Structures are given as C-alpha cells and as structure tokens.
Amino acid sequence: MNRRIPRSPDDIEQSLLTAISDPIRHKIIVHLSARPLCVGKLASRFPVVRAAISRHLRVLLDAGLVTCRRTGSLNIYSVRPEPLERLRTYFGQISYEAARTVEGLDGDRWLDAA
C-alpha cells in the first residue's frame with residue numbers, strides 16, 4: 001500500500017489535523033494518552049465494532065500520532081507526543097498572530113479590516 005508522505009510543514013500539520021478531526025480518533029488519542037492499550041481494551045470503550053477501531057488506529061498510525069508494539073499476541077498502541085507538540089506549536093503560532101492582529105486593530109480600523 002503506497003502512503004503519501006507529507007513533504008512540507010503545511011502538509012504535516014494538515015495530515016495531523018485530518019487524523020484527529022474525527023471524534024472517535026480524537027477520543028482514541030485521549031484514551032491512549034492516559035495509557036497504552038490493545039485494540040480489544042480500546043474497542044470496549046466505544047460504541048463501534050473492533051474492526052472500526054482498527055481502521056481508526058490505522059489512520060492515526062499513518063499520520064504518526066500513535067505507535068504500535070507487539071507484545072505476545074497483542075498489538076499495544078500508545079500516543080507519540082512529538083506530533084501533538086507540533087500541533088501545539090502550530091496553534092500557538094496562529095494564536096499569536098491572531099492576538100497581534102486584534103491588538104493592532106482598534107476602533108473604526110476594526111471595521112475596515114472586515
């Protein structure tokens with residue numbers, strides 16, 4: 001299976017944002033941030049079938065948000081903190097620029113910017 005490899009920082013952020021945009025994948029990240037889990041334990045926390053959780057995990061793996069290690073017959077998934085830190089930095093930059101813009105616009109100039 002050929003996977004598209006993100007080439008630029010914008011591609012990487014887009015890949016991460018797309019991966020966590022689904023509510024179930026977002027909740028998987030939250031659960032895995034508390035502790036590594038196997039698919040079965042993870043699936044028991046959701047109202048979807050185990051195969052659906054496996055598909056969501058594949059998306060998260062492809063985006064680099066989680067890792068998987070084999071322990072006996074189980075695949076244990078855990079969160080990779082580096083991509084989440086990258087998103088935190090990304091949103092921090094957006095927040096900083098937004099704050100600078102708002103500070104620079106006052107009174108009637110705010111209306112001119114709209």
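These remarks concern the structure in this document.

Procedures and definitions
Residues numbered from 1 in each chain as written. Predicted model: local features only at pLDDT ≥ 70, side-chain atom pairs only at ≥ 80, totals over all residues. Heavy atoms only, no water. Phe/Tyr/Trp six-rings, centres within 6.5 Å; stacked < 30°, edge-to-face > 60°. Buried < 20%, exposed > 50% of the residue type's maximum accessible area, 1.4 Å probe, protein only. Axes fitted to C-alpha atoms, helices over the stretch in contact; angles between N-to-C directions. Helix = DSSP H or I, 4+ residues; strand = E, 2+ residues; numbered from the N terminus. Parallel < 35°, antiparallel > 145°, perpendicular 65-115°, else oblique. Contact = heavy atoms within 4.5 Å. Nonpolar A, V, L, I, M, F, W, Y, C, P; charged D, E, K, R; others polar. Expected span 1.5 Å × (residues − 1). Arc of directions from axis to C-beta. Polar contact = N/O pair within 3.5 Å; in protein donor to acceptor, adjacent residues only side chain to side chain. Pairing = 2+ DSSP bridges. Salt bridge = Lys/Arg side-chain N within 4 Å of Asp/Glu carboxyl O.

## Focus: the packing of aromatic side chains
In this description, a pair of aromatic rings is defined by centroid distance and the angle of the planes.
1) Next: Enumeration over the complete set of coordinates arrives at 1 aromatic pair.
2) Next: On the basis of an interplanar angle of 70 degrees and a centroid distance of 5.4 Å, the ring pair of Tyr-90 and Phe-91 is categorised as edge-to-face.
3) Next: Overall, the relative accessible area of 24% leaves Tyr-90 in the partly exposed class.
4) Next: Judged by its relative accessible area of 44%, Phe-91 is partly exposed.

## Notes on the packing of helix 2 (residues 23–34) against helix 4 (residues 50–63)
1) Next: Here helix 2 crosses helix 4 at 80 degrees, and the two axes come no closer than 10 Å. With respect to helix 4, the element helix 2 is oriented roughly perpendicular. Contacts between helix 2 and helix 4 involve Ile-24, Arg-25, Ile-28, Ile-29 and Leu-32 on the former and, on the latter, Ile-53, His-56, Leu-57, Val-59 and Leu-60.
2) Next: Among the residues making up the contact of helix 2 with helix 4, the classes are represented as 8 nonpolar, 1 polar and 1 charged.

## A closer look at helix 2
1) Next: Taking 1.5 Å of rise per residue, 12 residues should cover 16 Å, and helix 2 covers 17 Å from first to last C-alpha, within 8% of that figure.
2) Next: Within helix 2 the residues assigned to the buried category are Arg-25, Ile-28, Ile-29 and Leu-32. Relative to the axis of helix 2, the buried residues are bounded by an arc of 100 degrees and lie together on one face. Exposed and oriented more than 90 degrees from the buried face of helix 2 are Pro-23 and Ala-34.
3) Next: Of the residues flanking the start of helix 2, the one acting as N-cap is Asp-22, its side-chain oxygen 2.8 Å from the backbone nitrogen of Ile-24.

## Some details on the sheet that holds strand 1 (residues 37–38)
1) Next: Across the sheet, which stays open at both edges, the 3 strands sit in the order 1-3-2 with antiparallel pairing between neighbours. Edge positions in the sheet fall to strand 1 and strand 2 (66–71), since each of these pairs with one other strand and no more.
2) Next: The sheet strands contacting helix 4 are strand 2 and strand 3 (74–79), and the helix crosses strand 2 at an angle near 115 degrees.

## Observations regarding the environment of Arg-80
1) Next: Here Arg-80 lies in the loop between strand 3 and helix 5 (81–104).
2) Next: Taking the relative accessible area as the measure of exposure, Arg-80 reaches 30% and is therefore partly exposed.
3) Next: Ignoring sequence-local partners within four residues, the contact set of Arg-80 consists of Gly-64, Leu-65, Val-66 and Thr-67.
4) Next: A polar contact of 2.7 Å, which involves the side chain of Arg-80, links it to the backbone oxygen of Gly-64.

## As for the pairing of strand 2
1) Next: The pairing of strand 2 with strand 3 spans 6 bridges and is classified as antiparallel. If you follow Arg-70 over to strand 3, its bridge partner there is Asn-75.

## As for the pattern of salt bridges
1) Next: Scanning the entire structure with this criterion turns up 4 salt bridges.
2) Next: With a shortest N-O distance of 2.7 Å, Glu-85 and Arg-88 are connected by a salt bridge. With a gap of 3 residues between them, Glu-85 and Arg-88 both fall in helix 5, about one helical turn apart.
3) Next: Judged by relative accessible area, which is 37%, Glu-85 ranks as partly exposed.

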